[in-house]
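Commentary on secondary and tertiary structure
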Protein chains: 2
Amino acid sequence: MARAGEEALIARYFAPLSGPGAEGLRDDAASLVPAPGQDLVVTADAIVAGVHYFPDDPPGSIAVKALGVNLSDLAAKGAVPRGFLLTLALPNDWTEAWLSAFAEGLGTVIRAHGCPLLGGDTVRSGGPALIGVTAIGEVPAGAILRRQAARAGDRLCVSGHIGDAALGLALRLAPDAGFEPAHGDILLDRYLHPRPRLALVPALRRHARAAMDVSDGLVGDLTKMLAGTGLTARIDVASVPLSPAARAAIARDPGRRATALTGGDDYEILCAVPPDSVAAFLADAEAAGVPAAEIGSVEAGDEAPRFLDAQGHAMDFARTAFSHF
Amino acid sequence: MARAGEEALIARYFAPLSGPGAEGLRDDAASLVPAPGQDLVVTADAIVAGVHYFPDDPPGSIAVKALGVNLSDLAAKGAVPRGFLLTLALPNDWTEAWLSAFAEGLGTVIRAHGCPLLGGDTVRSGGPALIGVTAIGEVPAGAILRRQAARAGDRLCVSGHIGDAALGLALRLAPDAGFEPAHGDILLDRYLHPRPRLALVPALRRHARAAMDVSDGLVGDLTKMLAGTGLTARIDVASVPLSPAARAAIARDPGRRATALTGGDDYEILCAVPPDSVAAFLADAEAAGVPAAEIGSVEAGDEAPRFLDAQGHAMDFARTAFSHF
């Protein structure tokens, strides 16, 4: 099949996804009018075929992941998205069918979250595909939620369910590892399709003192939240929210609990909330359709956070976080 | 040599390049406080080893190019830089020495233009290196300079010298092609080190009606500036500004004139200026230390721009622009 040149591809697949100020992607840059009283929040994350996703994942799913992981970062900072830029590095064997499905996947996320395409670049990668996104959001002036702003006594909360994506990846890597089929589909879907928790932004702005998204595993990310702050944490592992699918998988193989806690790709929000705001935060989260759970508390101390099992023993993890590098 | 993990690399090489709002790159996002009365201008361009640069180019030069080509886009839009995000996809054989020199190169551009690092991502490419930059700048509200805003009668001007980088690339590809050594060094330097024409921004804001940077060759970029607008242009090739090095190279081989006009990587500014502003624009450009030249005019018509030689004959180009894709 003849493949179109860069300008034709942009006009066909990407211009329809572009927003105000982007001039239909016919210029080298877009303009963005800041809303009065808001700060911009900017973040960039890239995903690479064979590193962050499987090259044969559906192209629409790859798009959902590439944009979703960046919108997850905005949500964790208390920001609402304004738009994004896309760097698409394609392998030599790219096809228009792949590109068309990829653009369709992008479109679903763009429409769901009102986050148009503002610009970008399309190049040959000379190797695997790479999809780089820079997302731009807004927060009220001075109100960006920081990762390392927790205080001793704050309660730690997480949104949604932890571990589904890591268990989905385990299932993807070993399809006959004894997952129930109905649960397996749910876990695989959670691995493929991050759901950025933007609905939680109002509750986070109102109640959270510190926040980050859980992308590299709850254990490792909580460690990052507290590293160098003179704070540690105590987590009640039984209170970490698990989906029915994850509970069933762990019931079959208790070793999977550690996978769930350390495995990454959750794209849930981990936040520190002052104790007297926890009830209101949980109620607001529930009302926003993103249930959250209190899982532990922040304490003074320099040691690593402790994850306590039902018997009160600290769990010992062979690895604490996923490293993409 | 042992290689540090991602966080250590960021702390060592990139945190020192970061700006206000970036929290020393210890968070997943940065905040940017918009200046009152300004719009943001955003642009993203990536360069790939073996496609946009030679893998054995000095790492500092690669950094200068990666950031410079993006700042060139900001300059062409009349924007001054506020900061940038970096996506660095490294090949398997990356070294800390490479990274250290790369960061040093970035630092020179950051300091020259007051454009700090705001965030980014470091990943394994699984193939050649890819360096993606998203640059963020500011223009007075509503004043972004557009590529396709020229009108019939406007004069076309370009900054600096056209063709040096294309001739430098030709020299790089065929080192014994009969360039004078002193001139060859100048041409190679222009190929390696784009000089974003940010000094021209005040003059562009004051006088230009439309602008773009010349990155894919003057002939092709002028064609893009006018495509679909019902406008064409007449260029007096003898008035296209050439450096002494380029003049000498063309004197030895007249075929090089077409290379200079179509070859790309100039990172000069092409702009349309109303006739009664040309003299003031050229004077302001000169005063800003970036001489510019009038090379032709915009006319009504749908045909491709004509490049007229000294005899008034339209030149015929085998290829009109460099396509990276």
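Since the model is a prediction, treat every value here as computed from it, not as a measurement.

About the cut-offs
Residues numbered from 1 in each chain as written. Chains lettered and ligands numbered in written order. Predicted model: local features only at pLDDT ≥ 70, side-chain atom pairs only at ≥ 80, totals over all residues. Heavy atoms only, no water. Helix = DSSP H or I, 4+ residues; strand = E, 2+ residues; numbered from the N terminus. Expected span 1.5 Å × (residues − 1). Buried < 20%, exposed > 50% of the residue type's maximum accessible area, 1.4 Å probe, protein only. Contact = heavy atoms within 4.5 Å. 1 Å grid on protein atoms, 1.4 Å probe; cavity = no way out; pocket = protein on both sides within 12 Å on 5 of 7 lines; lining within 4 Å. Points joined across faces, edges and corners; volume = space filled by probe spheres on them. Nonpolar A, V, L, I, M, F, W, Y, C, P; charged D, E, K, R; others polar. Domains from an automatic or database assignment. Buried area = accessible area lost by both parts, 1.4 Å probe. Salt bridge = Lys/Arg side-chain N within 4 Å of Asp/Glu carboxyl O. Polar contact = N/O pair within 3.5 Å; in protein donor to acceptor, adjacent residues only side chain to side chain. Axes fitted to C-alpha atoms, helices over the stretch in contact; angles between N-to-C directions. Left-handed = near helix turned anticlockwise from the far one by under 90°.

1. Quick notes on helix α5 (residues 181–192) of chain A
Note on helix geometry: an α-helix contains 3.6 residues per turn, so any two residues three or four positions apart are oriented the same way. Residue and element names in this part refer to chain A. For α5, which comprises 12 residues, the first-to-last C-alpha distance of 16 Å matches the rise-based estimate of 16 Å (1.5 Å per residue) to within 8%. Regarding α5, the residues found buried are His 183, Gly 184, Leu 187, Arg 190, Tyr 191 and Leu 192. On the buried face of α5, the contacting elements are α2 (59–76), α4 (164–173), α8 (244–252) and β9 (268–273).

2. Considering the layout of surface pockets
Taken as a whole, the second largest pocket encloses approximately 1100 Å³ of empty space. The wall of the second largest pocket is formed by 50 residues, among which Glu 6, Ile 10 and Asp 28 of chain A together with Arg 147 and Lys 224 of chain B lie closest to the centre. When contributions to the lining of the second largest pocket are tallied by element, the ones reaching two or more residues are α1 (6–14) and β4 (117–124) of chain A together with β2 (38–48), α2 (59–76), β7 (210–214) and α7 (218–226) of chain B. Take the lining of the second largest pocket: its biggest share by element is seven residues, from β4 of chain A. In terms of residue class, the lining of the second largest pocket is made up of 22 nonpolar, 13 polar and 15 charged.

3. So, the domain arrangement of chain A
Size of an interface, as often reported, equals the accessible area lost when the parts are brought together. All names here are of chain A. Per the domain assignment, the segments making up chain A are domain 1 (6–140) and domain 2 (155–308). For domain 1 and domain 2, the distance between their C-alpha centres works out to 26 Å. With 25 residues of domain 1 at the interface, the matching set in domain 2 holds 19 residues. Taken together, both faces of the contact between domain 1 and domain 2 bury some 1800 Å²; the carbon and sulfur share is 60%. Counting across the interface, domain 1 meets domain 2 through two salt bridges. Linking domain 1 to domain 2 there are eight residue pairs in polar contact (both at pLDDT 80 or more). The dominant element in the side of domain 1 that touches domain 2, judged by the number of residues it contributes, is α2, at 10 residues. In the side of domain 1 that touches domain 2, the residues fall into 13 nonpolar, six polar and six charged.

4. Topic: the packing of α5 of chain A against α8 of chain A
Residue and element names in this part refer to chain A. Across the interface, α5 lies against α8 with an axial gap of 9 Å and an inter-helix angle of 120°. Seen from above, α5 lies across α8 with left-handed handedness. Listed contacts from α8 to His 183, Ile 186 and Leu 187 of α5 are Pro 244, Ala 245, Ala 246 and Ala 248. Residue composition of the contact of α5 with α8, grouped by class: six nonpolar, one polar and no charged.

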